[in-house]
Amino acid sequence: MTTGGQGGEYAQFKATFFEECSEILADLDGRLTRLQSEAIDAEELNAIFRAVHSIKAGAGAFNLGSLVGFSHTFEALLDWMRDGRITQNERVATAVVHAGDVLATLVAAAQTDSPVEPDFGADVAEELQALLDEAGRRAAGAAGAAPSATAGSAPARPPVTASGDARDAASDRSETPAAPALDAGITHTDSLTCYRIDFVPRAELFRHANEPLLLIGELQRLGTLETTLRDDRLPALADMDPEDAYFAWTFELVTDRPQSEIAEVFEFVDADCDLTLAPVLPAAGEDADDDDADGWGLFEPDAQDAEAEAGDHDAEPHAAGAEPSPTASPAAATRTPATPEAVAAAIAPTARPTASGAANAAQAKSSVSSIRVDLGRVDRLVNMVGELVITQAMLAQQLQESHGGDRESIRGSDELATLTRELQECVMAIRMQPVRSVFQRMPRLVREVSAKLDKHVRLVMSGEQTEVDKTVIEELADPLTHMIRNAIDHGIETPEARIAAGKPPEGTIALSAAHVGSNILIHLEDDGRGIDRERLLAKALAKGIIAADAKLSDEEIDDLIFSPGFSTAETVTDVSGRGVGMDVVRRNIVNLGGRIQVQSQLGKGTRFTLVIPLTLAVLDGMVVAVGAEKYILPLTSIIESFRPDKGQVSTLAGGGDVASIRGQFYRLVQLHRIFDVPSAITEPWRGIVVLVETASGEKIGIAVDELLGQQQVVIKSLQENYDPVAGISGATILGNGRVALILDIENLTRLPERPAGRRADAGRGPTARPIDEPADVPLALSA
Amino acid sequence: MARRVLAVDDSKTMRDMVAFTLRGAGFDVLEAEDGVRALSVLSSQSVDLVITDINMPNMDGVTLVRQLRAKPNFKSTPILILTTEGGEDKKADGRAAGATGWIVKPFAPDKLLQVVNKVCPGR
């Protein structure tokens, strides 16, 4: 396809198209996810259809052949689903979801102009086609036609396969702007021909806002025109309906143009009038039946070409009989020869064997780019590998203890450790997805919100390829949406204010993602007005969030924006500031095992940093010792740890201890009292206090005996393996085979503490009570 | 006075291309994202021609055509529908609703202008 015509003139809109595509695909992704899990309604299906349809239309405009081909087949299937010819079942849903993936990849490839594997997506396209063919045959069968009839005579032939592609090919051809191409295939005559045209409009013609005068004008341009007005149908004035049509015309047109071009003039009205068009003196080579074929290169011609070509393809099965195709089954003959060809044509211009046997072989050989697996299976795999990691750690430890010096065994153990770790990473990677699916939704959000607020905002994104566990990705959309809304509403100034501040009128929001260790770092940075600490502080004072005499560091002041119910907006807009604030964002992030930080410079901008674990299946934890027990504290919630002086710890009148750091008092939680651990350090100043932050931003000190070090642990659900336990979010198995409980910081402060010194038992093992259990009956947790 | 066209399409790419082509040929172009917005634009402004996509959220093109034709002041406004691959049944739907003609996507600039001039020639 040449780049002439629209390729060149419309190339400037390509960027818009891909931007639109990314929005469409992000939206589509969500809908397809729903499609997989439930039967979706007509509206949802319509939206999916529209998404694919839009991509196809744009792809057509930019001559993205393989994208057009694939989306055409995809669209056909969705269309049939819409009108009920194909009913949704698991196979259909799977095919549609796969098609969504292929579509996204083809769009990405087109955008970066990078080649895709020649037969990429061919398997999916074939499956779509197979579904269409089956539905087509069903319809044919239902209509009473013998299914063994040749494909050409099947009454309900699917709209795609060869004909679909032929149609695309035809429309491609029709784009060639040169006029002669329009008449290709029509024998030309330069000699003048006289045509007689009888034109009797019906009332519908006017109802469609067509205008005989315009038609006459067009005819005039084609040659010498003689017009006769026939008013024989004109009724008496009293009977006249101003909306009816009473005039008719007879034209005699002398022209060197082909008849098809004359017919074209009437193309929009031929259903709304009685029209006869015939040469008065037939000219050689003119085919009266040629009608409006190839007329505009815009309308009918495409379809007609397509139909003509479809006919050719339909005829192919007969020809295929002559080919060395061993398949004799008529059902196969109706489908197979055309299908792989069509698919290959749709996907890439590679030759594909037409014989069905060879096609199957090719299919088997074709590289499968992705498979869709039940998440449950992956979860099981993740679990098993978790067990393996634990077992490996146990073995390593035992080996260390028993065969301290056996080199061979140690080397084997090291190797096993490496392999296990690699295996774990591989398995975790199965659930990894690029954050793109979440990021993609943001450009639209930015556009909508900034339009609503009359602000100019540019969104710059990077690191969309960064991968995170699927479970995490789903939890990211809400916080990010909220933060971006906030950034536009509160961060970015109005264009006027920006100009006044010496900034460009257009604000910039940068969203980026990157891997750092076992976390993903997401930065959201705006170049807006920044956080006004004085105002923030004044507001926090007014709302009673902080005490009047509190001395806060800059970081602590900035942190106030995460306080519940705190909004920095001066006015409540309909975009944000309704009280659902950054506190909710923080809670969401913390629930993910992550944390959020803010840095800001007044007048320059604000930068939020989200640190989020790559997966919810493993946790970076700090192992702490309390007596003989070990507990795990999620690393992300730890702010600092310190050994307090005796003077820093005070006991409140109503019981309970507090620790003071830099003038601030924090509630002190003594784990040994909550979990009733024997032989633990009872005086906090002899142990360590770990300052942690809860999701709501509350800070508490946790008194433990000592810190044993940080470690990645595989999370085991207590709920599934035992019983929910208050104050405990899960368990893990340490290298020595012992169970360690993972502390649920959120709930720790709500638990009753036993009075110091009172001990109910001296049982072994980690002790914790199921929530419903009476406090006096400690239970040993069985691993 | 320049002829004024309302381009209705949910795809910004398509709107941009239609608007670009028509503006280049001296038309005034208004834009709307779907049928509902098109109606609201047309409630306050008059146009010489409406070009509308069929598949759109909120209100599709066929419904838009039907609603416009039901309004006395849009009885004789030409309306072109944009269709992909020239689906006959879609064209028939549009025609039944009262559309004047159709344009098949993708379109070349000169073809678009040709069709527009066909139903809405300059004065």
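Basis of the calculations
Residues numbered from 1 in each chain as written. Chains lettered and ligands numbered in written order. Predicted model: local features only at pLDDT ≥ 70, side-chain atom pairs only at ≥ 80, totals over all residues. Heavy atoms only, no water. Helix = DSSP H or I, 4+ residues; strand = E, 2+ residues; numbered from the N terminus. Buried < 20%, exposed > 50% of the residue type's maximum accessible area, 1.4 Å probe, protein only. Contact = heavy atoms within 4.5 Å. Areas by Shrake-Rupley, 256 points an atom, 1.4 Å probe, with all protein chains shown as cover. Buried area = accessible area lost by both parts, 1.4 Å probe. Salt bridge = Lys/Arg side-chain N within 4 Å of Asp/Glu carboxyl O. Pairing = 2+ DSSP bridges. UniProt positions renumbered as here; feature names shortened; annotations may be inferred. Arc of directions from axis to C-beta. Polar contact = N/O pair within 3.5 Å; in protein donor to acceptor, adjacent residues only side chain to side chain. pLDDT = per-residue confidence, 0-100.

A. View of the overall build of chain B. For chain B, the helix and strand inventory stands at five helices and five strands. In chain B, which comprises 123 residues, the share counted as buried stands at 63%. Long-range contacts, defined here as pairs at least 24 residues apart, represent 62% of the contacts in chain B between residues at least 6 apart. In the structure as shown, chain B presents an accessible area of about 4,400 Å², 48% of it carried by carbon and sulfur atoms.

B. Spatial organisation of the interface of chain B and chain A. Taken residue by residue, the interface counts 45 residues in chain B and 49 residues in chain A. Overall, the association of chain B and chain A removes approximately 3,900 Å² of surface from exposure, summing both partners, and the carbon and sulfur fraction of that is 59%. Here chain B and chain A share two salt bridges between them. Residues Glu218(A) and Lys118(B) are paired through a salt bridge, measuring 3.9 Å at the closest nitrogen-oxygen approach.

C. Local environment of the pairing of strand β1 (residues 193-201) of chain A. Residue and element names in this part refer to chain A. With eight of nine residues buried, β1 is to be regarded as a mostly interior element. Judged from the seven bridges that link them, β1 and strand β3 (residues 248-255) form a sheet pairing that is antiparallel. Its bridge partner lying in β3, Phe199 is registered against Trp249.

D. Expanded view of the environment of Asp489(A). For Asp489(A), the position within the fold is in helix α19 (residues 470-491). Along the primary structure Asp489(A) and Lys452(A) are separated by 37 residues, whereas in three dimensions their C-alpha atoms are 9.8 Å apart.

E. Region of the structure containing the UniProt feature "modified residue: Phosphohistidine" (unreviewed entry) in chain A. Mapped onto this numbering, the UniProt entry gives "modified residue: Phosphohistidine" (unreviewed entry) at His53(A). Residue placement: His53(A) occurs in helix α3 (residues 42-61). Residue class for His53(A) comes out buried when judged on its relative accessible area of 6%. Discounting chain neighbours no more than four positions away, the residues touching His53(A) are Glu75(A), Asn55(B), Thr84(B) and Lys105(B).

F. Fine view of helix α3 (residues 61-69) of chain B. Taken residue by residue, α3(B) has Gly61(B), Val62(B), Leu64(B), Val65(B), Leu68(B) and Arg69(B) as its buried positions. Down the axis of α3(B), the sector holding all buried residues measures 160 degrees, keeping them to one side. Close packing links the buried residues of α3(B) with α8 (203-207) of chain A together with β1 (4-8), α2 (35-44), β3 (49-53), β4 (79-84) and α4 (88-97) of chain B. One side-chain oxygen of the residue at the start of α3(B) lies 3.0 Å from the amide nitrogen of Val62(B), identifying that residue as Asp60(B).

G. View of the side chain of Thr77(B). Considering the arrangement of structural elements, one finds Thr77(B) in the loop between α3 and β4. Filtering out sequence-adjacent residues up to four positions away, Thr77(B) remains in contact with Ala209(A), Val47(B), Asp48(B), Leu49(B), Arg69(B) and Thr100(B).

H. Summary view of unusual backbone geometry. Put simply, Lys105(B) and Pro106(B) share a cis peptide bond, and its omega is -10 degrees. With respect to the element layout, Pro106(B) can be found in the loop between β5 (101-105) and α5 (109-119). Its identity is not glycine, yet Arg662(A) carries a phi of approximately 45 degrees, on the positive side. Here Arg662(A) is to be found in the loop between β16 (657-661) and β17 (664-670). Judged by its relative accessible area of 65%, Arg662(A) is exposed.

I. Quick peek at the pattern of salt bridges. Within the structure shown, the criterion is met by 40 salt bridges over all chains. Salt-bridge contacts for Asp34(B) lead to Arg37(B); the nearest nitrogen and oxygen are separated by 3.9 Å. By relative accessible area, Arg37(B) is classed as partly exposed at 43%. Put simply, Glu493(A), Arg498(A), Lys503(A) and Asp527(A) are held in one network by salt bridges that share partners.

J. Expanded view of the confidence of the model for chain A. Residue and element names in this part refer to chain A. Summary statistics for chain A give a mean pLDDT of 73 and a share of 74% for residues scoring 70 or more. Scored below 50 in pLDDT, residues 145-189 shows 88 contacts in the model against residues more than four places distant or in partner chains. Here residues 282-368 is a poorly scored stretch, pLDDT under 50, and it has 147 contacts once near neighbours within four places are set aside; other chains count.

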